[in-house]
Protein chains: 6
Amino acid sequence: MNERIFEHDNQVVRRFFALDTQTYKSGALDLKTKELLGLVASLVLRCDDCISYHIAQCRDAGVDRNEFFEAFSVGLVVGGSIVIPHLRRAVDFLDRLEAE
Amino acid sequence: MNERIFEHDNQVVRRFFALDTQTYKSGALDLKTKELLGLVASLVLRCDDCISYHIAQCRDAGVDRNEFFEAFSVGLVVGGSIVIPHLRRAVDFLDRLEAE
Amino acid sequence: MNERIFEHDNQVVRRFFALDTQTYKSGALDLKTKELLGLVASLVLRCDDCISYHIAQCRDAGVDRNEFFEAFSVGLVVGGSIVIPHLRRAVDFLDRLEAE
Amino acid sequence: MNERIFEHDNQVVRRFFALDTQTYKSGALDLKTKELLGLVASLVLRCDDCISYHIAQCRDAGVDRNEFFEAFSVGLVVGGSIVIPHLRRAVDFLDRLEAE
Amino acid sequence: MNERIFEHDNQVVRRFFALDTQTYKSGALDLKTKELLGLVASLVLRCDDCISYHIAQCRDAGVDRNEFFEAFSVGLVVGGSIVIPHLRRAVDFLDRLEAE
Amino acid sequence: MNERIFEHDNQVVRRFFALDTQTYKSGALDLKTKELLGLVASLVLRCDDCISYHIAQCRDAGVDRNEFFEAFSVGLVVGGSIVIPHLRRAVDFLDRLEAE
């Protein structure tokens, strides 16, 4: 789907996507920490696709189940019970990733 | 101000505050990482008081200026330009903390 | 799904769920009023699962169709036209509940 | 300030303000319940001016301190810790109203 | 679905829908500009149904693909990367509209 | 304040600010339309600083008072009554700009 977005020659959109990729590169903060930041930001803003994406990235970066649940707990307490349906889908997505 | 909130005997409110404190205790994720999670969540939800609070906590937990700016960059890219005024106040708050 | 969340021994998450349950217990405000508060909060925050949950709870607490629509009208006016798709799904859910 | 808004002859804006007033009229739900709905909606959307407005309206409608705190607790649990600074200002506003 | 909402005789809800229709009528700003405003507001508030609706309205008002992508770019930069999944669905919806 | 942000050599933050500037350049949509899009996006996301900024930019781009109020009306209807306090401050800011 990103390819269809890039087919259209809009420089602001393209640069935004490049910047988004650059944001999570290891730097003063390591990749794992940055992906956890992306995950919790996605949880409190309640975007399921973003949550799934960052769960997969976090897992590749070595985040274990205890760490995931602590990150989830921050998202839940900051964002409130409105986050619960997204937390359910997040845990379901994580379970399926681990089952593969 | 919290004291005036606690003066009133509402158990849900009191327990929420206790839970909020418990959330950032060191566990599978260390204190520094958890405070960074709280900071970025506050940035994307655009709450100046919460941002200042977590900047102070992060600083006590040893977050340095490069790490702060990388956390800010995640908040900015996830949350968009609407975050910019809050980022300005965040940097101003951090500058004043460091000047003390 | 909640059971799979509770299987993981994260005390903050578990306590949050317990607190969430406690919040809607009858007290100074009765159950019906509290569930209506939960419904309108869910409407303006635009969470379909939360809206459906509170509609079912409100119905069990005796909220009738006129009362539902007045609660919907508060959510719609406070939250704006962005609430409309969620209102449609809310009315559809209520219709199906009443048809059972 | 509303007067300066109405000075400008924009019918959509004027009608919206009229509709906003109509929304809280007593109907199937009484005034007190509707104002509590407006208060909790304002809390979870984190608008201080709206919160203060509905606290004053609720108080005129006979909401007592225990009821206020139960409404606050719903807003806090649904909306999360990001609501805390607004809750502080809400309690401060309520204290000042009661001190008058 | 709107018909089932209107079946219920709630005047606030009905008036809100009438006001919503009136909002996008050509006036000092033309229809095309107003629909673009509705589209970008829907993007940053991340409501897929609203985005699709305004894309269809914009297309009827003569918005071309370059204009769509510039409107998308404003929504993306203001709203941040959290908008990306909605942008993907927006482009997919636009592609399907154009393929018809 | 932006200068103090740029003093710190964080490339993601700098590029985001550059991209933000680029977003509003005249292209398929003219400057005036793009600034109106930024204004309405800021209204529905309820950021006073962003609203004031885009009001000033719109005014420089030739937006007149009738056009401002029509843009305000879109923001108000999409975003709901929670936008009202921001609309008041927007009209106040516009009045002061025009009085200069």
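All of these numbers come straight from a predicted model, not from anything done at the bench. (Residues numbered from 1 in each chain as written. Chains lettered and ligands numbered in written order. Predicted model: local features only at pLDDT ≥ 70, side-chain atom pairs only at ≥ 80, totals over all residues. Heavy atoms only, no water.)

Peer 1: Sorry if this is basic, but what is going on with the packing of aromatic side chains here?
Peer 2: In this description, an aromatic ring pair is defined by two values, namely the gap between the centres and the angle between the planes. Counting across every chain of the model gives 21 aromatic pairs over all chains. Three or more aromatic residues joined by ring pairs make a cluster, and in this case those are F68(A), F69(A) and F72(A). (Phe/Tyr/Trp six-rings, centres within 6.5 Å; stacked < 30°, edge-to-face > 60°.)

Peer 1: In this structure, what is going on with the packing of helix α3 (residues 31–45) of chain E against helix α4 (residues 48–60) of chain E? I would like to understand it.
Peer 2: Helix-helix packing is characterised by the crossing angle of the two axes and by the distance between the axes. Residue and element names in this part refer to chain E. Where α3 contacts α4, the two axes come as close as 9 Å, and the packing angle between them is 160 degrees. Relative to α4, the element α3 is oriented roughly antiparallel. Read as a crossing pair, α3 and α4 show a hand that is left-handed. Residues E35, L36, G38, L39, S42 and L43 of α3 form the contact with α4, whose own contacting residues are C50, I51, H54, I55, Q57 and C58. (Axes fitted to C-alpha atoms, helices over the stretch in contact; angles between N-to-C directions. Helix = DSSP H or I, 4+ residues; strand = E, 2+ residues; numbered from the N terminus. Parallel < 35°, antiparallel > 145°, perpendicular 65-115°, else oblique. Left-handed = near helix turned anticlockwise from the far one by under 90°. Contact = heavy atoms within 4.5 Å.)

Peer 1: Is there a simple way to explain the interface of chain B and chain A in this structure?
Peer 2: For an interface, size is often stated in terms of accessible area lost upon the parts coming together. Contacts between the two partners involve 25 residues from chain B, matched on the other side by 25 residues from chain A. Across the chain B to chain A interface the summed buried area is about 2,300 Å²; carbon plus sulfur atoms make up 78%. Looking only at chain B, the three residues that lose the most surface to chain A are L37(B), E70(B) and V77(B), adding up to 26% of its buried area. Here chain B is connected to chain A by 2 salt bridges. The closest approach of N and O atoms between K34(A) and E70(B), which form a salt bridge, is 3.0 Å. For the side of chain B that touches chain A, the secondary-structure elements that each account for two or more residues are α2 (11–23), α3 (31–45) and α5 (65–79) of chain B. Top contributing element to the side of chain B that touches chain A by residue count: α3(B), with 9 residues. A breakdown of the residues in the side of chain B that touches chain A according to their chemical character gives 15 nonpolar, 6 polar and 4 charged. (Buried area = accessible area lost by both parts, 1.4 Å probe. Salt bridge = Lys/Arg side-chain N within 4 Å of Asp/Glu carboxyl O. Nonpolar A, V, L, I, M, F, W, Y, C, P; charged D, E, K, R; others polar.)

Peer 1: What exactly am I supposed to notice about the state of the cysteines here?
Peer 2: In protein structure, a disulfide is the covalent linkage between the sulfur atoms of two cysteines. By the definition in use, this model includes 6 disulfides over all chains. Two residues, C47(F) and C50(F), share a disulfide whose sulfurs are 2.4 Å apart. Disulfide C47(F)-C50(F): the torsion about the S-S bond is 65 degrees, which places it as right-handed. Cysteine C58(B) remains unbridged, with the sulfur of C50(B) as its closest cysteine sulfur at 13 Å. (Disulfide = S-S within 2.5 Å.)

Peer 1: Honestly, helix α6 (residues 84–99) of chain D in this entry has me stumped. Any pointers?
Peer 2: Counting along an α-helix, one turn takes 3.6 residues, and residues three or four places apart therefore face a common direction. For α6(D), with 16 residues, the first-to-last C-alpha span of 22 Å sits near the 22 Å given by 1.5 Å per residue. All of the buried residues in α6(D) are I84(D), P85(D), H86(D), L87(D), A90(D), V91(D), L94(D), D95(D) and L97(D). (Expected span 1.5 Å × (residues − 1). Buried < 20%, exposed > 50% of the residue type's maximum accessible area, 1.4 Å probe, protein only.)

Peer 1: Sorry, what's going on with unusual backbone geometry here?
Peer 2: With the exception of glycine, most residues fall at negative phi, and the peptide bonds are largely trans. Of note, the phi angle at R46(A) is positive, near 60 degrees, even though the residue is not glycine. Tracing the chain through its elements places R46(A) in the loop between α3 (31–45) and α4 (48–60).

Peer 1: Would you explain the nonpolar core in this entry?
Peer 2: Counting residues in hydrophobic clusters, the biggest one holds 230 residues, and the most contacted among them are F72(A), F72(B), F72(C), F72(D), F72(E) and F72(F). The residues contacting F72(F), other than those within four sequence positions of it, are L39(F), L43(F), I55(F), L87(F), A90(F), V91(F) and L94(F). (Core = buried A, V, L, I, M, F, W, Y, C linked by side-chain atoms within 4.5 Å.)

Peer 1: Would you mind going over the interface of chain B and chain F with me for this structure?
Peer 2: Counting residues at the interface gives 19 residues for chain B, matched by 17 residues for chain F. When the buried surface of chain B facing chain F is broken down by residue, F69(B), I82(B) and R88(B) rank first, second and third, together holding 32% of it. The tally of links from chain B across to chain F stands at 3 salt bridges. Summed over the shared surface of chain B and chain F, the result is 7 residue pairs in polar contact (both at pLDDT 80 or more). (Polar contact = N/O pair within 3.5 Å; in protein donor to acceptor, adjacent residues only side chain to side chain.)

Peer 1: Sorry, what's going on with helix α2 (residues 11–23) of chain C here?
Peer 2: Spanning 13 residues, α2(C) covers 18 Å between terminal C-alpha atoms, matching the ideal 18 Å at 1.5 Å per step. Every buried residue of α2(C) is accounted for by V12(C), V13(C), F16(C), F17(C), L19(C), D20(C), Q22(C) and T23(C). Buried-residue contacts for α2(C) involve α5 (65–79) and α6 (84–99) of chain A, α2 of chain B, α1 (2–7) and α3 (31–45) of chain C together with α5 (65–79) of chain D. Measuring from the side-chain oxygen of the N-cap residue of α2(C) to the backbone nitrogen of V12(C) gives 3.1 Å; that N-cap residue is N10(C).

Peer 1: I'm lost on the relation of the copies chain B and chain F in this one. Help?
Peer 2: Superposing chain B onto chain F requires a rotation of 120 degrees together with a translation of 0.0 Å along the rotation axis, leaving an RMSD of 0.0 Å. Look at the turn and shift together and you get a three-fold axis relating the two. Looking at chain B, a mere 5% of its interface residues are interface residues in chain F too, so the copies touch through different faces. (Least-squares fit on C-alpha atoms with pLDDT ≥ 70 in both.)

Peer 1: Just to check I follow, could you spell out the confidence of the model for chain A for this structure?
Peer 2: When pLDDT drops low, the exact placement of atoms in the prediction is not to be read closely. For chain A, the mean per-residue pLDDT works out to 97, and 100% of the residues sit at or above 70. Both confidence scores are given for the complex: pTM 0.97, ipTM 0.96. (pLDDT = per-residue confidence, 0-100.)

Peer 1: Help me understand the pattern of salt bridges, please; the structure alone is not making it clear to me.
Peer 2: A pair can form between side chains of opposite charge whenever their charged atoms are brought close. Enumeration over the complete set of coordinates arrives at 60 salt bridges over all chains. Where D95(A) meets R4(C), a salt bridge forms, and the shortest distance between an N and an O atom there is 2.8 Å. With one member in each of two chains, D95(A) in helix α6 and R4(C) in helix α1 form a pair that bridges those chains. The buried category is assigned to D95(A), whose relative accessible area is 16%. Owing to a relative accessible area of 30%, R4(C) belongs among the partly exposed residues under this scheme.

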